[in-house]
Amino acid sequence: DADAVVMMTMHSAKGLEFPVCILSGCSGKFNTMDISDNMIISHKDGVGLMRRNPETFEQYETLCHNAVKLSLKNDLLSEEMRVLYVALTRAREKLIMLYADDNPLKAIGSMMNRINPCTDRINPVLVKEANNYGKWIISALLRHKDAKALREEVGGTENAVLHCESPLKVVF
């Protein structure tokens, strides 16, 4: 039915288009459970184990554990980026994205402070440290000409703006 509302996961939306899409839950954290165990396994990098002090039972991260964890985190972030790309490219006319934070201006201000106006690239540290889609989106959003009110709210400058023809409406 053309007048129906369809709710689906980002994965199941692949290959489909809709006039209007709502991307909710942009502040939901990425699932990192697989990389936070004492023993982590990667098909490409092997096994990483935590070390335990037999006297105090304190656990320490080993070089192997850290290397496997970093590799798995990179793989996880790459997959999350692919999924986000699918979500962002489903709307033909309008895309609405929802982000919630306990202290949004503090979070956005922190991202604004890490933007390098001398480059058109998003700070790779922001990309690696982000724990949800919203932080990636806001990092890019802050560079858009139509996000002036948001930049002003967090004390950002206009010298970080990149050229873009697509209109944007920011509501916060």
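A. Structural context of the pattern of salt bridges. Tallied over the full model, the rule gives 7 salt bridges. Notably, a salt bridge pairs K44 with D75, separated by 3.2 Å at the nearest N-O pair. Taken together, the residues K44 in the loop between β2 (39-42) and β3 (46-52) and D75 in helix α1 (residues 63-88) connect sequence positions 31 residues apart. The class of K44 is exposed, set by a relative accessible area of 56%. Two residues, E152 and K148, come together in a salt bridge whose shortest N-O distance is 4.0 Å. With E152 and K148 both in helix α5 (residues 148-153) and 4 residues apart, the pair spans about one turn of that helix. Classification of E152 as exposed rests on a relative accessible area of 51%.

B. Highlighting the nonpolar core. Among the nonpolar cores identified, the biggest contains 13 residues, and I108, M111, M112, I115, I138, L142 and L150 are the most heavily contacted of them. Top contributing element to this core by residue count: helix α2 (residues 104-113), with 4 residues. Within the second largest apolar cluster, 12 residues are counted, among which are L23, C26, V83 and I137.

C. Just the layout of surface pockets, in detail. Estimated volume of the largest pocket: approximately 1200 Å³. Mapped onto the lining of the largest pocket, the elements with two or more residues apiece are α1, β5 (91-97), α2 and α4 (133-141). When residues in the lining of the largest pocket are grouped by element, the largest group, 6 residues, is from α4. Residue composition of the lining of the largest pocket, grouped by class: 28 nonpolar, 3 polar and 5 charged. Considering only enclosed or pocket space, the second largest pocket measures out at about 590 Å³ in volume. Along the wall of the second largest pocket there are 20 residues; nearest its centre are V6, M7, V20, C21 and I22. The element contributing the most residues to the lining of the second largest pocket is strand β1 (residues 18-23), with 6 residues.

D. Up close: the packing of aromatic side chains. Scanning all chains against the criterion turns up 3 aromatic pairs. Ring centres of F30 and Y133 lie 5.3 Å apart, and the angle between their planes is 75°; on these two criteria the pair is classed as edge-to-face. You can see F30 sitting in the loop between β1 and β2 and its partner Y133 sitting in helix α4, a full 103 residues away along the chain. Across this residue pair, the class does not change: F30 and Y133 are buried. Considering the side-chain rings of Y133 and W136, the 6.3 Å spacing of their centres and the 55° angle between planes classify their relative orientation as tilted. Within this pair, Y133 and its partner W136 are both found in helix α4, separated by 3 residues, close to a single helical turn. These aromatic residues form a ring-pair network of at least three members: F30, Y133 and W136.

E. Quick peek at the packing of α1 against α4. Between α1 and α4, whose axes approach to 11 Å, the crossing angle comes to 65°. Comparing the axis directions of α1 and α4 gives the class roughly perpendicular. As for the relative orientation of α1 and α4, their crossing is right-handed in sense. In contact with L77, E80, M81, V83 and L84 of α1, α4 contributes Y133, W136 and I137. Along the lines of polarity and charge, the residues of the contact of α1 with α4 split into 7 nonpolar, no polar and 1 charged.

Conventions used here
- Residues numbered from 1 in each chain as written.
- Predicted model: local features only at pLDDT ≥ 70, side-chain atom pairs only at ≥ 80, totals over all residues.
- Heavy atoms only, no water.
- Salt bridge = Lys/Arg side-chain N within 4 Å of Asp/Glu carboxyl O.
- Helix = DSSP H or I, 4+ residues; strand = E, 2+ residues; numbered from the N terminus.
- Buried < 20%, exposed > 50% of the residue type's maximum accessible area, 1.4 Å probe, protein only.
- Core = buried A, V, L, I, M, F, W, Y, C linked by side-chain atoms within 4.5 Å.
- 1 Å grid on protein atoms, 1.4 Å probe; cavity = no way out; pocket = protein on both sides within 12 Å on 5 of 7 lines; lining within 4 Å.
- Points joined across faces, edges and corners; volume = space filled by probe spheres on them.
- Nonpolar A, V, L, I, M, F, W, Y, C, P; charged D, E, K, R; others polar.
- Phe/Tyr/Trp six-rings, centres within 6.5 Å; stacked < 30°, edge-to-face > 60°.
- Axes fitted to C-alpha atoms, helices over the stretch in contact; angles between N-to-C directions.
- Parallel < 35°, antiparallel > 145°, perpendicular 65-115°, else oblique.
- Left-handed = near helix turned anticlockwise from the far one by under 90°.
- Contact = heavy atoms within 4.5 Å.

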